[in-house]
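Spelled out, the chains give:
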Amino acid sequence: MADRSLRGMRLGAQSLQSEEGVSFSPRVNHSYRCGTCGRDTVMTFSAEAEAPEAWECKHCGHEASLIVDSKPVVIDHSEDKVARTHWDMLLERRTREELEELLEERLVALRARRGTSKVGV
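Just so it is clear, the structure is predicted and the values come from calculations on it, not from any experiment. (Residues numbered from 1 in each chain as written. Predicted model: local features only at pLDDT ≥ 70, side-chain atom pairs only at ≥ 80, totals over all residues. Heavy atoms only, no water.)

Enquirer: Now, about the side chain of Thr41: what can you tell me, with residues and values included?
Expert: Along the chain, Thr41 falls in strand E2 (residues 40-46). We classify Thr41 as buried; its relative accessible area is 1%. Dropping the residues within four chain positions of it, Thr41 is found in contact with His30, Ser31, Tyr32, Cys57, Lys58 and His59. (Helix = DSSP H or I, 4+ residues; strand = E, 2+ residues; numbered from the N terminus. Buried < 20%, exposed > 50% of the residue type's maximum accessible area, 1.4 Å probe, protein only. Contact = heavy atoms within 4.5 Å.)

Enquirer: Describe in detail a negative patch on the surface, supporting the description with residues and values.
Expert: The grouping of Glu50, Glu53, Glu63, Asp76, Glu79 and Asp80 at the surface amounts to a negative patch. Take Asp76: it is sitting in the loop between strand E5 (71-72) and helix H1 (86-93). (Patch = residues over 30% accessible without salt bridge, like charges linked within 9 Å, V, L, I, M, F, W, Y side chains within 5 Å. Areas by Shrake-Rupley, 256 points an atom, 1.4 Å probe, with all protein chains shown as cover. Salt bridge = Lys/Arg side-chain N within 4 Å of Asp/Glu carboxyl O. Lys, Arg positive; Asp, Glu negative; His and termini not counted. Charge placed at Lys NZ, Arg CZ, Asp CG, Glu CD.)

Enquirer: How would you explain the packing of aromatic side chains if you had to name every residue and give the values?
Expert: Scanning the entire structure with this criterion turns up 2 aromatic pairs. On the numbers, 6.0 Å between centres and 35° between planes, the contact of Tyr32 with Trp55 is tilted. Taken together, the positions of Tyr32 in strand E1 (residues 27-34) and Trp55 in strand E3 (residues 54-56) put the pair 23 residues apart, joining distant regions of the chain. We classify Tyr32 as buried; its relative accessible area is 0%. Judged by relative accessible area, which is 29%, Trp55 ranks as partly exposed. (Phe/Tyr/Trp six-rings, centres within 6.5 Å; stacked < 30°, edge-to-face > 60°.)

Enquirer: Go over helix H2 (residues 96-114), please, and point to the residues and values.
Expert: With 19 residues, H2 extends 27 Å from end C-alpha to end C-alpha; this agrees with the ideal 27 Å at 1.5 Å per step. Looking one or two residues past H2, Gly115 carries a phi angle of roughly 85°, positive in sign. (Expected span 1.5 Å × (residues − 1).)

What follows is the structure in structure tokens.
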């Protein structure tokens, strides 16, 4: 059986295709500067693609700004949606006084269930 084993290349090790006759699409390099660490990141995009104003810094992971005419682009974050917390959504449904009243009711119910009462009230 060993004399009939297949000989050749490992799967996925090398491509059998050559780059002969292949024309690559035009490409453009865009630089991004990180405001946190100050390093530049160069990214390659298609010449037809619009470069995003911000890119993640590959060194520190913070937001890096696109550099145009040797100056970073100022990114407007005024329209960014701010994440609402559970507390914010709760305050949309009830007032603070209602929440304090509900809390007191629940505390009384829990103390009654445990058999303890609030001392000093």
